[in-house]
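Given next are the chains, with one letter for each unit.
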12 protein chains.
Amino acid sequence: MKIIIINGPNLNLLGQRQPEIYGYESFEDYLVRLRTMFGDIQLTYFQSNIEGEIINKIHDWSKNCDGIILNAGGYSHTSVAIHDAIKAISTPVVEVHLSNIFAREEFRHHSLTGAACIGSISGFGLKSYELALQFFVQKED
Amino acid sequence: MKIIIINGPNLNLLGQRQPEIYGYESFEDYLVRLRTMFGDIQLTYFQSNIEGEIINKIHDWSKNCDGIILNAGGYSHTSVAIHDAIKAISTPVVEVHLSNIFAREEFRHHSLTGAACIGSISGFGLKSYELALQFFVQKED
Amino acid sequence: MKIIIINGPNLNLLGQRQPEIYGYESFEDYLVRLRTMFGDIQLTYFQSNIEGEIINKIHDWSKNCDGIILNAGGYSHTSVAIHDAIKAISTPVVEVHLSNIFAREEFRHHSLTGAACIGSISGFGLKSYELALQFFVQKED
Amino acid sequence: MKIIIINGPNLNLLGQRQPEIYGYESFEDYLVRLRTMFGDIQLTYFQSNIEGEIINKIHDWSKNCDGIILNAGGYSHTSVAIHDAIKAISTPVVEVHLSNIFAREEFRHHSLTGAACIGSISGFGLKSYELALQFFVQKED
Amino acid sequence: MKIIIINGPNLNLLGQRQPEIYGYESFEDYLVRLRTMFGDIQLTYFQSNIEGEIINKIHDWSKNCDGIILNAGGYSHTSVAIHDAIKAISTPVVEVHLSNIFAREEFRHHSLTGAACIGSISGFGLKSYELALQFFVQKED
Amino acid sequence: MKIIIINGPNLNLLGQRQPEIYGYESFEDYLVRLRTMFGDIQLTYFQSNIEGEIINKIHDWSKNCDGIILNAGGYSHTSVAIHDAIKAISTPVVEVHLSNIFAREEFRHHSLTGAACIGSISGFGLKSYELALQFFVQKED
Amino acid sequence: MKIIIINGPNLNLLGQRQPEIYGYESFEDYLVRLRTMFGDIQLTYFQSNIEGEIINKIHDWSKNCDGIILNAGGYSHTSVAIHDAIKAISTPVVEVHLSNIFAREEFRHHSLTGAACIGSISGFGLKSYELALQFFVQKED
Amino acid sequence: MKIIIINGPNLNLLGQRQPEIYGYESFEDYLVRLRTMFGDIQLTYFQSNIEGEIINKIHDWSKNCDGIILNAGGYSHTSVAIHDAIKAISTPVVEVHLSNIFAREEFRHHSLTGAACIGSISGFGLKSYELALQFFVQKED
Amino acid sequence: MKIIIINGPNLNLLGQRQPEIYGYESFEDYLVRLRTMFGDIQLTYFQSNIEGEIINKIHDWSKNCDGIILNAGGYSHTSVAIHDAIKAISTPVVEVHLSNIFAREEFRHHSLTGAACIGSISGFGLKSYELALQFFVQKED
Amino acid sequence: MKIIIINGPNLNLLGQRQPEIYGYESFEDYLVRLRTMFGDIQLTYFQSNIEGEIINKIHDWSKNCDGIILNAGGYSHTSVAIHDAIKAISTPVVEVHLSNIFAREEFRHHSLTGAACIGSISGFGLKSYELALQFFVQKED
Amino acid sequence: MKIIIINGPNLNLLGQRQPEIYGYESFEDYLVRLRTMFGDIQLTYFQSNIEGEIINKIHDWSKNCDGIILNAGGYSHTSVAIHDAIKAISTPVVEVHLSNIFAREEFRHHSLTGAACIGSISGFGLKSYELALQFFVQKED
Amino acid sequence: MKIIIINGPNLNLLGQRQPEIYGYESFEDYLVRLRTMFGDIQLTYFQSNIEGEIINKIHDWSKNCDGIILNAGGYSHTSVAIHDAIKAISTPVVEVHLSNIFAREEFRHHSLTGAACIGSISGFGLKSYELALQFFVQKED
């Protein structure tokens, strides 16, 4: 099974940014651990701060994978364009967020990108990604 | 580890209500399977259609368990009282929803109960519960 | 034909509360008259001030009756949970209100429970119930 | 007893418009049946697509009848002028709708004309008119 | 003089929940002190997390007392049903809140239950109850 | 000087409708008095309950008069079309209202037709028309 | 091919009203040119300032034509009734506007009538009609 | 007859501020003319930029006059306090505005002070005051 | 103990304004009674209709007293400036209102000044002040 | 004449995405047909999923062409930046949409980019582009 | 060059109020430093907690100075009257705020007074005043 | 001291776009002058129309500079992602705008990016940049 993880804006800073909160591990390092945990899954990773590049990747990769895990960061709440991109493909997409979006500023309460996904997992830090992967693993069963 | 699952209004109908969509399995039957999947976890289950009874259970059981999985159903979007109950205890609570709340009517987009939880998992059908349990399992590691 | 009448919060006070407006007749007394008027219909009655008990009754009785007449009182305007309960059953439900909800405070203008019913009858005092029964009688013709 | 039925915009199309939903019967044909059902009531009928003509009829006929049944169609949700016309007369007016206005687009949830009526009956198709007539019949008892 | 205190959701946790903020005293213990302070008043106490039980008590006890002190907790901001219950009785009801509802989240700024009471006292911790009792005492003078 | 008075919906009922509030004088009778008061002004009068007929008159008469006094009644608050008609002509239009629109229901607070007029006079009963005429008289000086 | 053009309020003033902006050509004159441009199309024209007459024409003519071009003017933004009329017929309707409705006052940004049409063309002055006709011509190809 | 004119913020600048729009006449000079026009009326004038001083004057003078003409300027749209002051006295108050408040920014569309007055006259420049005085003169007749 | 009472706009009219509702007692007379009731408290009183003078007094007196009782009247709902003044001092401030602000017009439902106080007491008429004083007395115990 | 077509996010998927709805033709293939239809026009094409690249192209090409046809896709409803880019150039820009934006989700009802264009054409599928080209052709006549 | 600094409500407390945040320096002391920094500028200072006095000073001083620096404090967000005062004069006004208004409560996000100024500088503490002065200095160059 | 200036969408057009308003100087030319004015500061400049590239630069350069001056143009009002980027770094960021955002369309009144900055300077044209630089210079003192 091949799963693609797409991270949106500012997630490249993980490990550097407020490490006392988000931890000292970069997403790349975490990816190594993730690949170990899910040995049977072929994991591909892409990060971009550019909204349109995220759309490009969703388009390009959707035919060559079994699922997409998307953390669109700040674009989650405003991007009609990413919403449309997810709607345009048939590959299942799962939304993840590090923080609990319901518990933050009002402008983060709704997820426009989440509305186009199968489901949404938010608030579990990096473990949100693991739960999303679990979903794909269990889905196969 | 002891985890409590609390289901809110209408979830007692699972298996009978629109089975072509939600499946023919009742939550009680699913619980049997869930206990098999997570053999190490002691699972307790409670369902009520009464908002205040859900609050009662959150109060009563919070001291005797390691985590609560809460699907407050229709109360998720309006209940300040359940929100306050979750805030009042120190046990970690994870919110789950069968359907993707962002993809439904606008009055379901925000979760007031979710805002008081650690995190929220919605849209994966019954598998939402399994992902919530995975969170508690992994948290221990 | 078997029809169930479910009354929500504060309707137990009928006859005592502002009798100069609502009349001196309790709902129980009215029920006697109603049974006389509709001799061919088996009428069952339930009243509760508890939102979840209304949901319970909708669940429990929906299989053993031909129709439900629901006056959810103050819950009509806020209860996603009762809305979901009505959606979850296949028995036809007719909403009634004693007063004209469009003519009162703005927070009573919309009916969330009414949105899940076949139709809604409001403003005719106790006669709203008779009109709802007429609907079930005529429906059979 | 003399009752007037006033139908607003697009109700002249009944029987032709989406007959698989609304039936093959025109309102005129239905009126024949209605007169048979309510033999003791003298029924007068008026339909117009013009907001002001509806107001004219409400003014003109209000003194010569015992009640008005009004289905103001699309004007129900926006017409302050019809609202004022109903308020200006002392004849009781009952609002009817074929469809359940709470279950449709948000701009149909509130009824400005209904706010000026005695009560409102919506969602029962043509039977909404029969229930309105029942109200006038019972009112006399 | 007989006064009834009705506490809504989560107030049963007083003394246990965040005691560094709310103090180590349970409401039951406080009640003992309150009875001492107001020796001439017969104080009855009821707490429930269930919205409808609060309504039940308002109905049942309203005839046998001189006043009700109500802290409807989280239901204060959303409950049309409790609002209606207070409106339906003639016993004076005084609303109290431990915290200052104007200083908290926006969804707590307005009190729907308070709108049906004589007056509202919020922000003085447990002393809010004493001030409400003072009102009843002084009212008698 | 030639001035046209255009009255909108329900103003034909003046004198009959709630005469204890609005007086026993019809607008036609008032017009006789108005012509006496303003002997130098040629007054033309038109009333219609039909929005589009009001627009027609604004179009037709605007070239043959020195000013229009418009009481668009309930259309004042919703009619983009009358607003556009006033904007389309160069004749000065003065809006009048019998009642004080700021002191009534919220949906009457703003005047869309007034926004296209020179000015607005509301709340002085029939005297609102006299003040509007005074404006045209004084304007000439 | 037979196409009907229906113009709503104030469009009868074209050529007279602000000619420096809208030009000196009346719609009738323009119609002559339009018939020359589209020699193969039988063009019928109707204008009314009365909302209900527009609905009447949509009803009456919809069966005898291949398409309707509708410029509902100020009614576009508020008329649920015209919206319903368009929905009730099966003839394709194309909405046109002389001005760009997105670039004007906020109350013109949305088109309720446009929501019931195939599509909408706004901002091209009289050329908006030609583009609408082009659509019908090309549709046939 | 004694009438008081109270002008609110910025009206002291009349004659100096944008004289090409508002004219070169100060309110004091205009007052001389006004007194000539209305020889039988004793006119007293007060202007203040301070909200509370306007309230003071409304309180102080209300007993010694037959009417108040109030132009509360920018306070008209926000002052609950002046609204309450007008409500607290029994002297009739007429609101005037130089400009047409419906035709300006949205925050000027409603008048909170106007809601407490008998009526409101806006858009006629300085003539708004004359019309208000005409109202008091005619009222006496 | 030294407590300062600051009354805002229109409270100087107490006793004169609608005495059948508010009573025939002026605040000054009430103050005499209040000083008798609370003999141990040194009461200072200030009333102003001017928002900024209220701020001035809050600033000036906050250092020389043990508490402030503030009834900011109509400013309560709009004054960011008084809110900031209360936040800027460390003296405890208690808000009082004669009427129940939740039961009045929607623009009075929230209290911006109350949000900066310890707590708020509204709806008890002049007794609201006594309850506020009780709070300060009991606070000392 | 030289016209540039700029397509925004997800339009690169045309022909692949839901072909049963949008057809099997890619935009590139359509472009071939378009060039045949409009032989006299030099057509340049650009597509990007990146908001800023669309802005870049609007800047770069605006001086070297006679008109721009812009389908900004999901950015149409949210992009202040593209709105500003269109405002900053003098080349005429026509907005097109495949679907009727008024008939879709509420967040698509307004077009921020359309507000900066000459006009907008939506709902005609690929024919929207042809109509836009017709506009430029006719404009030259 | 002569510049006037006008400070609004609560800024007189600077140096005393939360000195750990705002510093121990009063505005008067700061003014001494400011005069040293900008030796060539004649600086006049006024502070008032009274909205109307701020308007008075804007009026009085606007003719005798080259620029005004205004920190209207809490009035910035609500005062239509100060907005109008700034609009009424031709002297350039620069708005300053100590704190970043975009980062505080939502009711502080917009500045109504700022909308009437040349520009706005917020968030730099006392340095906001220096930047405003720099603007006036550089403007002269 | 090293300061970075980041300009967002459309600012590359400066000098070409509406030069009668914005002047004939490009930002590059202005930068030369700016470097002369602030000889001691090492100024680096970046402009992009791509939201994500602005985020990239904020990330990349934040460690190698003493401050960032950001004019995010149209992204200021909608970009949660740039807001997050600013929050994620510890380098001080100052927001600048050429125009006064409070005085423009309502959708420009709030700055989401400004909410994450130290402060905001808007309305001074190119001088806004100089004031921002002054802030950094003075901050060092």
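Thresholds, definitions, all that
Residues numbered from 1 in each chain as written. Chains lettered and ligands numbered in written order. Predicted model: local features only at pLDDT ≥ 70, side-chain atom pairs only at ≥ 80, totals over all residues. Heavy atoms only, no water. Helix = DSSP H or I, 4+ residues; strand = E, 2+ residues; numbered from the N terminus. Rg over C-alpha atoms; globule rule 2.2 N^0.38 Å. Buried < 20%, exposed > 50% of the residue type's maximum accessible area, 1.4 Å probe, protein only. Lys, Arg positive; Asp, Glu negative; His and termini not counted. Charge placed at Lys NZ, Arg CZ, Asp CG, Glu CD. Salt bridge = Lys/Arg side-chain N within 4 Å of Asp/Glu carboxyl O. Contact = heavy atoms within 4.5 Å. Buried area = accessible area lost by both parts, 1.4 Å probe. Polar contact = N/O pair within 3.5 Å; in protein donor to acceptor, adjacent residues only side chain to side chain. pLDDT = per-residue confidence, 0-100. Pairing = 2+ DSSP bridges. Right-handed = clockwise from strand over helix to strand, strands pointing away. Axes fitted to C-alpha atoms, helices over the stretch in contact; angles between N-to-C directions. Parallel < 35°, antiparallel > 145°, perpendicular 65-115°, else oblique. Nonpolar A, V, L, I, M, F, W, Y, C, P; charged D, E, K, R; others polar. Phe/Tyr/Trp six-rings, centres within 6.5 Å; stacked < 30°, edge-to-face > 60°. Lys NZ or Arg CZ within 6 Å of the ring centre and 35° of its normal. Least-squares fit on C-alpha atoms with pLDDT ≥ 70 in both.

### As for the overall build of chain A
Then comes step 1: Per the secondary structure count, chain A includes five helices and five strands.
Then comes step 2: Scanning chain A from its N terminus toward the C terminus, one meets helices and strands in the order β-α-α-β-α-β-α-β-β-α.
Then comes step 3: Computed over the C-alpha atoms, the radius of gyration of chain A is 14 Å, within 12% of the 14 Å expected from 2.2 N^0.38 for a compact globule of 141 residues.
Then comes step 4: Within the span of chain A, comprising 141 residues, buried residues form 67% of the whole.
Then comes step 5: In chain A, which carries 11 positive and 16 negative side-chain charges, the distance between the mean positions of the two groups comes to 1 Å.

### Some details on the pattern of salt bridges
Then comes step 1: Across all of its chains, the model carries 48 salt bridges over all chains by this definition.
Then comes step 2: The partner of Glu-105 of chain K in a salt bridge is Arg-104 of chain K, and the shortest N-O contact between them spans 3.9 Å.
Then comes step 3: For Arg-104 of chain K, a relative accessible area of 34% corresponds to the partly exposed category.
Then comes step 4: One network of salt bridges, in which partners are shared, links Asp-84 of chain A together with Arg-104, Glu-105 and Arg-108 of chain J.

### Observations concerning the interface of chain D and chain C
Then comes step 1: Listed by partner, the interface residues are 26 residues for chain D and 26 residues for chain C.
Then comes step 2: Regarding the contact of chain D and chain C, the summed buried area is about 2,200 Å², with carbon and sulfur atoms giving 62% of it.
Then comes step 3: Of all residues in chain D, Phe-102, Phe-124 and Gln-138 of chain D give up the largest surface area on contact with chain C, accounting jointly for 30% of the area buried on that side.
Then comes step 4: Where chain D touches chain C, the interface holds zero salt bridges.
Then comes step 5: Inspection of the region where chain D meets chain C yields nine residue pairs in polar contact (both at pLDDT 80 or more).
Then comes step 6: Taken together, the elements giving at least two residues each to the side of chain D that touches chain C come down to β4 (93–97), β5 (119–122) and α5 (127–140) of chain D.
Then comes step 7: Tallying contributions element by element places α5 of chain D first for the side of chain D that touches chain C, with seven residues.

### Regarding the confidence of the model for chain A
Then comes step 1: Averaged over every residue, the pLDDT of chain A is 95; residues scoring 70 or more account for 99%.
Then comes step 2: In the model output, the complex is listed with pTM 0.95 alongside ipTM 0.94.

### Some words on the pairing of strand β3 (residues 67–71) of chain C
All names here are of chain C.
Then comes step 1: Judged by how many residues are buried, β3 sits mostly within the fold: five of five residues are covered.
Then comes step 2: Sheet analysis places strand β1 (residues 2–7) next to β3, joined by five bridges and oriented parallel. Paired with Ile-4 across the strands is Ile-68, a residue of β3.
Then comes step 3: As for the winding sense of the linkage, the β-α-β connection from β3 through helix α4 (residues 80–88) to strand β4 (residues 93–97) is right-handed.

### So, the packing of helix α3 (residues 51–61) of chain I against helix α4 (residues 80–88) of chain I
Residues and elements named next belong to chain I.
Then comes step 1: Interaxial distance between α3 and α4 falls to 10 Å at its minimum, and their mutual angle equals 0 degrees. If you check the angle between α3 and α4, you find them roughly parallel. Facing Glu-51, Ile-54, Ile-55, Ile-58 and His-59 of α3, the residues of α4 in contact are Ala-81, Ile-82, Ala-85 and Ile-86.
Then comes step 2: When grouped by side-chain class, the residues that make up the contact of α3 with α4 number seven nonpolar, one polar and one charged.

### Digging into the arrangement of the chains
Then comes step 1: The two units chain G and chain H are non-contacting; their minimal C-alpha-C-alpha distance is 11 Å.
Then comes step 2: The two units chain C and chain K are non-contacting; their minimal C-alpha-C-alpha distance is 24 Å.

### Looking at the packing of aromatic side chains
Then comes step 1: Scanning the entire structure with this criterion turns up 90 aromatic pairs over all chains.
Then comes step 2: Where Phe-46 of chain C meets Trp-61 of chain C, the ring centres are 6.0 Å apart and the plane angle is 80 degrees; that geometry is what we call edge-to-face. Linking Phe-46 of chain C in strand β2 (residues 42–47) with Trp-61 of chain C in helix α3 (residues 51–61), this pair joins segments that are 15 residues apart in sequence.
Then comes step 3: Take Phe-46 of chain C: its relative accessible area is 15%, and that puts it in the buried class.
Then comes step 4: Taking NZ or CZ as reference, Lys-57 of chain G lies 4.7 Å from the ring centre of Phe-46 of chain G, over its face.

### As for the sheet that holds strand β5 (residues 119–122) of chain E
Then comes step 1: The 10 strands are arranged β2(E)-β1(E)-β3(E)-β4(E)-β5(E)-β5(I)-β4(I)-β3(I)-β1(I)-β2(I) in an open sheet whose pairing can be described as mixed. The open sheet has two edge strands, β2 (42–47) of chain E together with β2 (42–47) of chain I, and neither has a second partner. For this sheet the average axis-to-axis angle between neighbouring strands, irrespective of direction, equals 20 degrees.
Then comes step 2: For strand β3 (residues 67–71) of chain I and strand β4 (residues 93–97) of chain I, the ladder comprises three bridges, and the chain directions are parallel.

### What about the side chain of His-97 of chain B?
Then comes step 1: Note that His-97 of chain B resides in strand β4 (residues 93–97).
Then comes step 2: Dropping the residues within four chain positions of it, His-97 of chain B is found in contact with Asn-71, Gly-73, Ser-76, Ser-111, Ile-121, Ser-122, Gly-123, Phe-124, Gly-125 and Ser-128 of chain B.

### A look at the interface of chain K and chain I
Then comes step 1: Every contact between the two is made by 17 residues of chain K and, on the other side, 17 residues of chain I.
Then comes step 2: Roughly 1,300 Å² of surface becomes buried between chain K and chain I when both sides are summed, with 57% attributable to carbon and sulfur atoms.
Then comes step 3: Together, Asn-10, Asn-49 and Ile-50 of chain K form the three largest contributors to the area buried by chain K at its contact with chain I, with a combined 33%.
Then comes step 4: Linking chain K with chain I are one salt bridge.
Then comes step 5: Two residues, Arg-108 of chain K and Asp-84 of chain I, come together in a salt bridge whose shortest N-O distance is 2.8 Å.
Then comes step 6: At the boundary of chain K with chain I, the tally comes to seven residue pairs in polar contact (both at pLDDT 80 or more).
Then comes step 7: The class makeup of the residues in the side of chain K that touches chain I is five nonpolar, eight polar and four charged.

### Side note on unusual backbone geometry
Backbone geometry follows two general trends: most residues other than glycine have a negative phi, and most peptide bonds adopt the trans configuration.
All names here are of chain C.
Then comes step 1: Non-glycine residue Asn-10 carries a positive phi angle of around 80 degrees.
Then comes step 2: Topologically, Asn-10 is positioned in the loop between β1 and α1 (19–22).
Then comes step 3: Owing to a relative accessible area of 1%, Asn-10 belongs among the buried residues under this scheme.

### Considering the environment of Ile-82 of chain L
Then comes step 1: Looking at the secondary structure, you find Ile-82 of chain L in helix α4 (residues 80–88).
Then comes step 2: Residues Ile-82 of chain L and Leu-112 of chain L lie 30 residues apart in sequence; the distance between their C-alpha atoms is 8.5 Å.

### Some words on the relation of the copies chain D and chain C
Then comes step 1: Once chain D is rotated about the relating axis by 180 degrees and shifted along it by 0.0 Å, it coincides with chain C to within an RMSD of 0.0 Å. The transformation just described matches what one would write down for a two-fold rotation axis. Every residue of chain D has its C-alpha some distance from the rotation axis, and the shortest such distance is that of Ile-121 of chain D, at 2.2 Å.
Then comes step 2: Of all interface residues in chain D, 100% are interface residues in chain C too; the two copies therefore contact each other through one and the same surface.

### As for the relation of the copies chain K and chain I
Then comes step 1: With an RMSD of 0.0 Å, the operation that places chain K on chain I is a rotation of 120 degrees combined with a shift of 0.0 Å along the axis. The symmetry that links the two subunits is that of a three-fold axis.
Then comes step 2: Both copies present different contact surfaces, since only 18% of the interface residues of chain K are interface residues in chain I too.

### Considering the sheet that holds strand β4 (residues 93–97) of chain K
Then comes step 1: Judged by pairing direction, the sheet is mixed, and its 10 strands sit side by side in the order β2(K)-β1(K)-β3(K)-β4(K)-β5(K)-β5(L)-β4(L)-β3(L)-β1(L)-β2(L) without closing on themselves. Across the chains shown, the open sheet's two edge strands, defined by having one partner strand only, are β2 (42–47) of chain K together with β2 (42–47) of chain L. Between one strand and the next, the sheet's axes are offset by a mean angle of 20 degrees, whatever the strand orientation.
Then comes step 2: Direction of pairing for strand β1 (residues 2–7) of chain K relative to β2 of chain K: parallel, over a ladder of six bridges. The residue of β2 of chain K that forms the bridge with Ile-4 of chain K is Thr-44 of chain K.
Then comes step 3: Against the sheet, helix α2 (residues 27–37) of chain L makes contact with β1 (2–7) and β2 of chain L, and its axis sits at roughly 165 degrees relative to β2 of chain L, the strand it touches most.

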